[in-house]
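Fold and contact review
Spelled out, the chains give:
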Amino acid sequence: MIYLLEDDESIRKLVTYTLQHAGYEAAGFERPSAFWAAMKRETPELVLLDIMLPEEDGLSVLGKLRGSALWRELPVVMLTAKNAEYDRVVGLDAGADDYISKPFGMMELLARVRALLRRTGAPAASDHTVGELYVCRDKHIVRVSGQDVPLTNKEFSLLCLLLEHSGAALTRDRIMDSVWGSGFDGENRTVDVHVRTLRAKLGAAGAYIETVRGVGYRFSPEKRSEP
């Protein structure tokens, strides 16, 4: 996931579209308050950060990122209309990993993003980080608060399915078809049993899996307590 904090709507939409078209998950934010709310839900692999912003400027945002133990190593690229050497130096000295002056081409932006992700060894697109939960689909790794959580193949597939459709309510039938296959001759109760076991194994992170009454289940980045 790549986050873009940019108050210019046209630039925000163009950059987000370009990143998504190139195969990256991307989300754009107009204001720092929305950006910080998203950061609490999910830590991205890279941040594209404008300097001139409402509420607080980009250098202030960068300072908070670098002052946090959780986000100190997060790759950050500064995007700004300022092109004076002094402004570039200030951004880099404040902890930015790279600096692109507006106007910039989308090909250049993608090249800088790819280079920075390679250089920092950021997680691949198959990785998901939500709060204390980390999932690497390719390597079949699940960690909660840094501790490995062993899952069966079905439990892992169930978790990945819910993550990939984060926020969407998936019916039990949909889950059955995706995880067990359309030819599986079983009852919907199988899904409930696996969800219950998965929640137990995930501990605190199990609260991300929400029951949608009369429908099925959904992965919600905002934890909710089961009634």
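I will try to describe carefully the structure that is included in this document. Please read all numbers here as calculations on a predicted model, not as lab measurements. Once a new chain begins, its residue numbering starts again from 1 and follows that chain's sequence as written. Given that the model is predicted, a residue must reach a pLDDT of at least 70 before its local features are reported, and side-chain atom pairs must reach 80 or more before they are shown or counted; all residues, however, enter totals for whole chains, interfaces and linings. To obtain the side-chain values, all non-hydrogen atoms of the structure were included, while hydrogens and water were left out.

Section: the packing of aromatic side chains
We apply this condition: Only the six-membered ring of Trp is used, alongside the rings of Phe and Tyr, when aromatic pairs are assigned; centres must lie within 6.5 Å, and planes under 30 degrees apart are stacked while those over 60 apart are edge-to-face, with the rest tilted. Comment: elements are numbered from the N terminus, with helices defined as DSSP H or I runs of at least four residues and strands as E runs of at least two. For the exposure calls, accessible area comes from a 1.4 Å probe over protein chains only, and a residue counts as buried if that area is under 20% of its type's maximum, exposed if over 50%, partly exposed in between.
Per the counting criterion, the structure on display carries six aromatic pairs. Arranged with centres 6.2 Å apart and planes meeting at 80 degrees, the rings of Tyr3 and Phe35 form a pair that is edge-to-face. Of the two residues, Tyr3 is situated in strand E1 (residues 2–5) and Phe35 in helix H2 (residues 32–41); the sequence distance between them amounts to 32 residues. Exposure class is identical for Tyr3 and Phe35. Each is buried.

Side note on the layout of surface pockets
To be explicit about the condition: Here a cavity denotes a set of grid points, spaced 1 Å apart and computed over the protein atoms alone, in which a 1.4 Å probe fits but from which it cannot get out, and a pocket denotes an open set meeting protein on both sides within 12 Å along at least five of seven lines; residues with an atom within 4 Å of a point are reported as lining. Grid points are joined across faces, edges and corners, and a volume is the space filled by probe spheres set on the points. Residue polarity is assigned by list, with Asp, Glu, Lys and Arg as charged and Ala, Val, Leu, Ile, Met, Phe, Trp, Tyr, Cys and Pro as nonpolar; anything else, Gly included, falls into the polar class.
By volume, the second largest pocket is sized at about 230 Å³. Residue lining of the second largest pocket: 13 residues in total, with Met1, Glu25, Glu42, Leu163 and Ser166 positioned closest to the centre. Looking at the lining of the second largest pocket, the elements with two or more residues in it are H2, strand E6 (127–130) and helix H6 (153–164). In terms of residue class, the lining of the second largest pocket is built from seven nonpolar, two polar and four charged.

Some details on helix H8 (residues 189–202)
Selection rule: In this scheme, a helix's expected span is set at 1.5 Å multiplied by one less than its residue total. Two residues qualify as a contact provided that any one of their heavy atoms is within 4.5 Å of a heavy atom in the partner residue.
Between its terminal C-alpha atoms H8 stretches 20 Å, which fits the 20 Å expected from 14 residues at 1.5 Å a residue. What H8 keeps buried is the set Thr190, Val191, Asp192, His194, Val195, Leu198, Arg199 and Leu202. At its buried positions, H8 is contacted by strand E7 (133–136), strand E8 (141–144), H6, helix H7 (172–180), strand E11 (209–212) and strand E12 (216–219). With its phi angle positive at about 60 degrees, Gly203 sits one or two positions after the end of H8.

Focus: the pattern of salt bridges
Using the following cut-off: By salt bridge we mean one thing: a side-chain nitrogen of Lys or Arg within 4 Å of a carboxyl oxygen of Asp or Glu.
Using the criterion set out here, one finds twelve salt bridges in the structure. Measuring nitrogen to oxygen at the nearest pair gives 3.3 Å for the salt bridge that ties Lys102 to Asp50. Separated by 52 residues along the polypeptide, Lys102 in the loop between strand E5 (98–101) and helix H5 (106–120) and Asp50 in strand E3 (residues 46–50) bring together distant segments of the chain. When sorted by exposure, Lys102 lands in the same class as Asp50, which is buried. Put simply, Asp97 and Arg66 hold a salt bridge, and the shortest N to O gap is 2.9 Å. Taken together, the positions of Asp97 in the loop between helix H4 (85–93) and E5 and Arg66 in helix H3 (residues 58–66) put the pair 31 residues apart, joining distant regions of the chain. Salt bridges linked by common partners bring Glu6, Asp50 and Lys102 together as one network.

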